[in-house]
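Each chain, letter by letter, is given below.
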Amino acid sequence: MTIWKISLQNIKTRPLYTFLSVFTLSLSIALLLGIQQLKTSFEHQMENNLGAIDLVIGAKGSPLQLVLASVLHLDNPTGNILYKDAKKISKSPLIKTAVPISYGDNYKGYKIIGTTGEFVSLYNAKLEKGSVVKKSMEVILGHTVAAQLDLKVGETFLSSHGLIENDIEVHSESLTVVGILKPTQKVIDRLIITNLESVWDVHHHDNEVHEKEKNHMEYHEGKEITSLLVSFRNPSALLTLPRRINKHTYMQAALPKYELDRLYQYTGVGFKTISWIAYIILVISCMTVFISLYKMVKERAFDLALLRTYGASNFQLIRMVVYEGVLIVFLALILGLALSKIGVYFMFKITETDNKQNILQELPFHELLQTVMLVFSMIVLSVLLAIYPIIKMNISTILSNEK
Amino acid sequence: MIQTDNLTFRYKKTECTFCFPNIDLKEQENLLILGKSGIGKTTLLHLLAGLLPPVSGKIVMEGVDINSLSHGQLDKFRGQNIGLVFQKSHAVQSLNTVENLQARLFFSKKSKNNILINNLLNQLGLDDCKKSKVNELSEGQLQRLGIALSVVHNPKVILADEPTSNLDDDNCKIVIELLINQAKRTNANLIVITHDHRIKSLFSNSIIL
């Protein structure tokens, strides 16, 4: 017989209250942890996807849209810019690398990016199989694309026009897979990468069909790209380059980090609301724990007085109540952790199919600890309130009033 | 062994002061304290058990002045040396019969002794309800469990507060005889406080408040 055992028996004799306490507490823990994990994963993934990109230059329009489209590959591009203008900018001494990308097609929903060899190094991606793109109509696949579509080196497929999967506007030239990239956990995993010429050629031939009067020369003069991904030679470029482009050209320059911070501010409202709901549930659950323990102390006053006559000290009775609180919190923590893990897992199962990307991120330990400490301190408060009657208990009066 | 010397007590909210006659019991001596309701019988019992501090006077039990002990020491002393029996028996609701006895031993810092517990339950006819929760026991079984709880740790003094007042004649005799036998077995002093004159004949030693 130990105090632990008595605490455990006390809990067992109050199944409803114990269930309520554990349930509400674990719900709030699950919500708090889940929302933190979602937020961390979301932000981490966004930041990860930036790779070495400091600046995006594209057609005028919404800078956020430009970043979403060209960096995160989530949205439609703002429009096109002339390749020769982009080339002019990339000669600036402030720029370390400037990678042009060109959009237009997809294969089964996965975007096909026309770009140069440097694109892959922006994400530190390495080839797993095959070789790099050497000539037009060759592609390398991001790891997720290859796995999901079950495409192997040497196989060919037909791309379709636009950025959304469709069977109506299918291009006639087939693309050949020449390489597959290793997984990077970055956005490149879900892209199909080819060279700029492939994109131009596909659309050039289409244009020939539609606009036969346009000659080849004219077309190549007006070669277009979607945007230019820039990484700076040094951070001071941040101050001058975007302003110069925005002011003096028909193009716009957007800073991905800045735009993403703006995006967090919008999405932050949702995270905050859910966090507040979680905090409110936490308070309610702590009240439930308090009421459960307080009720025990009050209703079982005679039992407690009896234990005092058995030789139990006040401190031992307090320990008994504290242990009950600890047992409830312990159960709730395990259940809460499990619930949040399951919840977040399913959230990602759902978003995975939308984004074609898995972005689940483990919660850093210090944030986990923070939540656990918060829950613990709330419970400590509830327990302290509940044990107050024990300290004030007058055994003689309680025993005299026995009926 | 228990001696009291000029014990007085007063409840904070009232004017009247209880003055109690001196008690002097040698080893194995029993005492019946008779008195009408409201005369301070339970108060005296609680003073003897160290649950209330006297306004003046002294209680010496087994050579220890219990009012000179600190709270912690008194808790320990009470747990080891005193067994209390109540008018209506009580045991901890969330524990079963055996667990209650184990808890009693645990808190009085005595080692867990299952043979002793089994013997005691056997003597009191509680063999069949070892695993029963307290609320599953009948009144009579609960009364006997109360007695078991008051003697399981081999106390030096057994204090019984109206142990027979709601029992019929037969059960009254059985309960008192059990108490006397258990006191004899553990060499303890038995002090019974009651207004029940039926049990007077079973005690050689009695005082009237």
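Just so you know, these numbers come straight off a predicted model, no measurement behind them.

## Points about the overall build of chain B
And step 1. Within chain B, the regular secondary structure consists of six helices and 10 strands.
And step 2. Relative to a compact globule of 209 residues, whose C-alpha radius of gyration would be 17 Å, chain B shows 17 Å and is just as compact.
And step 3. Each principal axis of the C-alpha distribution contributes one length, and for chain B these read about 50 × 40 × 35 Å.
And step 4. Here chain B, with 209 residues, has 53% of them falling under the buried criterion.
And step 5. If you take every contact in chain B between residues at least 6 apart in sequence, the share linking residues at least 24 apart comes to 71%.
And step 6. Per element, the accessible surface of chain B, about 9300 Å² overall, is 48% carbon and sulfur.

## Observations regarding the overall build of chain A
And step 1. Broken down by element type, chain A carries 14 helices and 12 strands.
And step 2. The 403 residues of chain A split such that 50% are buried.
And step 3. Taking the contacts inside chain A whose residues are at least 6 apart along the sequence as the reference set, 81% of them involve residues at least 24 apart.
And step 4. For chain A, the accessible area works out to roughly 19500 Å², and carbon and sulfur atoms hold 63% of it.

## Considering the side chain of His46 of chain B
And step 1. Here His46 of chain B shows up in helix 1 (residues 41-48).
And step 2. Residue His46 of chain B is classed as buried on the basis of its relative accessible area, which comes to 2%.
And step 3. Apart from residues no more than four positions distant in its own chain, His46 of chain B is found in contact with Ser396, Leu399 and Ser400 of chain A together with Leu51 and Leu52 of chain B.

## Observations concerning the packing of aromatic side chains
And step 1. On inspection of all chains with the given rule, the structure shows 13 aromatic pairs over all chains.
And step 2. Plain terms: the ring middles of Trp4 of chain A and Tyr323 of chain A are 4.0 Å apart, the flat faces sit at 0° to each other, and that makes the pair stacked. Here Trp4 of chain A, found in helix 1 (residues 3-12), pairs with Tyr323 of chain A, found in helix 12 (residues 314-355); they are 319 residues apart in sequence, far enough to count as distant.
And step 3. Under the relative-accessibility criterion, Tyr323 of chain A is labelled buried at 17%.
And step 4. By way of ring pairs, the aromatic residues Phe9, Tyr11, Phe18 and Phe20 of chain B are connected into one cluster.

## Quick word on the pairing of strand 7 (residues 156-161) of chain A
Residues and elements named next belong to chain A.
And step 1. Examined bridge by bridge, strand 3 (residues 95-107) and strand 7 share two bridges and lie antiparallel to one another. Bridged to Asn106 within strand 7 is Ser160.
And step 2. Pairing geometry for strand 7 and strand 8 (residues 170-181), over four bridges, is antiparallel. The partner of Ser160 across the bridge, within strand 8, is Val170.

## Here's the deal with the interface of chain B and chain A
And step 1. The partner chain A presents 27 residues to the 29 residues of chain B that form the contact.
And step 2. Here chain B packs against chain A, burying approximately 2600 Å² in sum over the two surfaces, 62% of which is carbon and sulfur.
And step 3. Remark: the boundary between chain B and chain A carries two salt bridges.
And step 4. With a shortest N-O distance of 3.9 Å, Glu99 of chain B and Lys5 of chain A are connected by a salt bridge.
And step 5. Our enumeration of links across chain B and chain A arrives at six residue pairs in polar contact (both at pLDDT 80 or more).
And step 6. Only helix 1, helix 2 (71-81) and helix 3 (97-107) of chain B provide two or more residues apiece to the side of chain B that touches chain A.

## Observations regarding the nonpolar core
And step 1. In this structure, Leu25 and Leu307 of chain A together with Leu159 and Leu179 of chain B are the most contacted members of the largest nonpolar core, which totals 113 residues.
And step 2. At 10 residues, the largest contribution of residues to this core is made by helix 12 of chain A.
And step 3. Discounting chain neighbours no more than four positions away, the residues touching Leu25 of chain A are Leu282, Ser285, Val289, Ile328, Val329, Ala332, Val375 and Ile379 of chain A.
And step 4. Within the second largest apolar cluster, 31 residues are counted, among which are Val67, Val71, Leu229 and Leu260 of chain A.

## Some words on the packing of helix 2 (residues 15-50) of chain A against helix 13 (residues 365-392) of chain A
To characterise two packed helices, one gives the angle between the axes of the helices and the distance between these axes.
All names here are of chain A.
And step 1. Interhelical geometry of helix 2 versus helix 13 gives an angle of 155° and a closest axis separation of 10 Å. The pairing of helix 2 with helix 13 is recorded here as roughly antiparallel in orientation. Where helix 2 crosses over helix 13, the two elements pack in a sense that is right-handed. Contact with helix 2, carried on its side by Leu25, Ile29, Leu32, Leu33, Gln36 and Thr40, involves Glu367, Leu368, Thr371, Leu374, Val375 and Ile379 of helix 13 and no other residues of that element.
And step 2. Its residues placed into classes, the contact of helix 2 with helix 13 shows eight nonpolar, three polar and one charged.

## Quick look at helix 13 of chain A
Residue and element names in this part refer to chain A.
And step 1. Compared with an ideal rise of 1.5 Å per residue, which puts 28 residues at 40 Å, helix 13 spans 40 Å between its outermost C-alpha atoms and is within 8% of the ideal.
And step 2. Largest kink in helix 13: about 30°, centred on Ala386, with the proline Pro389 one to four residues after it.
And step 3. By the burial criterion, the buried members of helix 13 are Thr371, Val375, Ile379, Ser382, Val383, Ala386, Ile387, Pro389 and Ile390.

## Observations regarding the UniProt feature "domain: ABC transporter" (unreviewed entry) in chain B
And step 1. Mapped onto the present numbering, the UniProt feature "domain: ABC transporter" (unreviewed entry) falls on residues 2-209 of chain B.
And step 2. As annotated, residues 2-209 of chain B comprises 34% helix and 22% strand, and the C-alpha atoms at either end are separated by 18 Å.

## Observations regarding the pattern of salt bridges
And step 1. Under the criterion given, the structure shown has 14 salt bridges over all chains.
And step 2. Here Lys135 of chain A ties to Glu138 of chain A by a salt bridge, and the two come within 3.3 Å at their closest N and O atoms.
And step 3. With relative accessibility at 54%, the residue Lys135 of chain A sits in the exposed group.
And step 4. Residues participating in the shared-partner salt-bridge network are Arg308 of chain A together with Asp75 and Arg78 of chain B.

## Thoughts on the UniProt feature "transmembrane region" (unreviewed entry) in chain A
And step 1. Residues annotated in UniProt with the feature "transmembrane region" (unreviewed entry) correspond here to residues 16-35, 276-294, 326-348 and 368-391 of chain A.
And step 2. Note that residues 326-348 of chain A is 100% helix and 0% strand, and that its end C-alpha atoms are spaced 32 Å apart.

## With respect to unusual backbone geometry
And step 1. The backbone of His73 of chain A shows a phi angle near 55°, a positive value even though the residue is not glycine.
And step 2. Within the secondary structure layout, His73 of chain A lies in the loop between helix 3 (63-70) and strand 2 (81-82).
And step 3. One non-glycine residue, Asn154 of chain B, adopts positive backbone phi at about 50°.
And step 4. Mapped onto the elements, Asn154 of chain B comes out in the loop between helix 5 (139-151) and strand 8 (157-161).

## Overview of helix 4 (residues 114-123) of chain B
Residue pairs three or four apart in sequence face the same way in an α-helix, which turns once every 3.6 residues.
Residue and element names in this part refer to chain B.
And step 1. Residues of helix 4 that are buried: Ile117, Leu120 and Leu121. Seen from one end, helix 4 has its buried residues packed into an arc of 100°, which puts them on one side.
And step 2. Considering only its buried residues, helix 4 is in contact with helix 3, helix 5 and helix 6 (169-185).
And step 3. Following helix 4 by one or two positions, Gly125 adopts a phi angle in the positive range, close to 70°.

Reading guide: rules and limits
Residue numbers here run from 1 along each chain, matching the order of that chain's written sequence. Labels follow written order: the first chain is A, the first ligand is 1, and so on. Per-residue local features are limited, in this predicted model, to residues with pLDDT of at least 70; the limit for side-chain atom pairs, both in listing and counting, is 80 or more; totals at the level of whole chains, interfaces and linings are taken over all residues. Note: side-chain values were computed over all heavy atoms of the structure, leaving out hydrogens and water. Put simply, DSSP marks the helices as runs of H or I at least four residues long and the strands as runs of E at least two long, and each gets a number from the N terminus on. Throughout, the radius of gyration refers to the C-alpha atoms, and the reference size of a globule is 2.2 Å times the residue count to the power 0.38. Relative accessible area decides the class of each residue, using a 1.4 Å probe on protein chains only: under 20% of the type maximum gives buried, over 50% gives exposed, and in between gives partly exposed. Any two residues whose heavy atoms approach within 4.5 Å are treated as being in contact. Residue exposure ignores everything except the shown protein chains as possible cover, and the areas themselves are Shrake-Rupley values with a 1.4 Å probe. When two rings of Phe, Tyr or Trp (its six-membered ring) have centres within 6.5 Å they constitute a pair, described as stacked for plane angles under 30 degrees, edge-to-face for angles over 60, and tilted for the intermediate range. By the convention used here, strands pair only if DSSP detects at least 2 bridges between them. By definition, the buried area sums, over both parts, the 1.4 Å-probe accessible area that each loses when the two are put together. Any carboxyl oxygen of Asp or Glu that lies within 4 Å of a side-chain nitrogen of Lys or Arg is treated as forming a salt bridge with it. For this analysis, a polar contact is any N or O atom pair within 3.5 Å, provided that within protein one partner can donate a hydrogen and the other can accept it, and provided that sequence-adjacent residues contribute only side-chain to side-chain pairs. Throughout, nonpolar core names a set of buried Ala, Val, Leu, Ile, Met, Phe, Trp, Tyr and Cys residues whose side chains join them through atoms within 4.5 Å. In this description, a line fitted to the C-alpha atoms serves as the axis of each element, helices being fitted only across the stretch in contact, and the angle between N-to-C directions of two axes falls anywhere from 0 to 180 degrees. In what follows, roughly perpendicular refers to angles from 65 to 115 degrees, roughly parallel to angles under 35, roughly antiparallel to angles over 145, and oblique to any angle outside these ranges. For any helix crossing, the convention is left-handed if the near helix is rotated counterclockwise from the far helix by under a right angle, and right-handed if that rotation is clockwise. Lys, Arg, Asp and Glu make up the charged group, whereas Ala, Val, Leu, Ile, Met, Phe, Trp, Tyr, Cys and Pro make up the nonpolar group; the residues left over, Gly among them, are polar. Take the number of residues in a helix, subtract one, and multiply by 1.5 Å to get its expected span. The bend at a residue is defined as the angle formed between two axes, one fitted to the seven residues ending at that residue and one fitted to the seven starting there. UniProt positions are given in the numbering used here, feature names are shortened, and annotations may be inferred rather than shown by experiment. Along the arc lie the directions from the helix axis toward the C-beta atoms.

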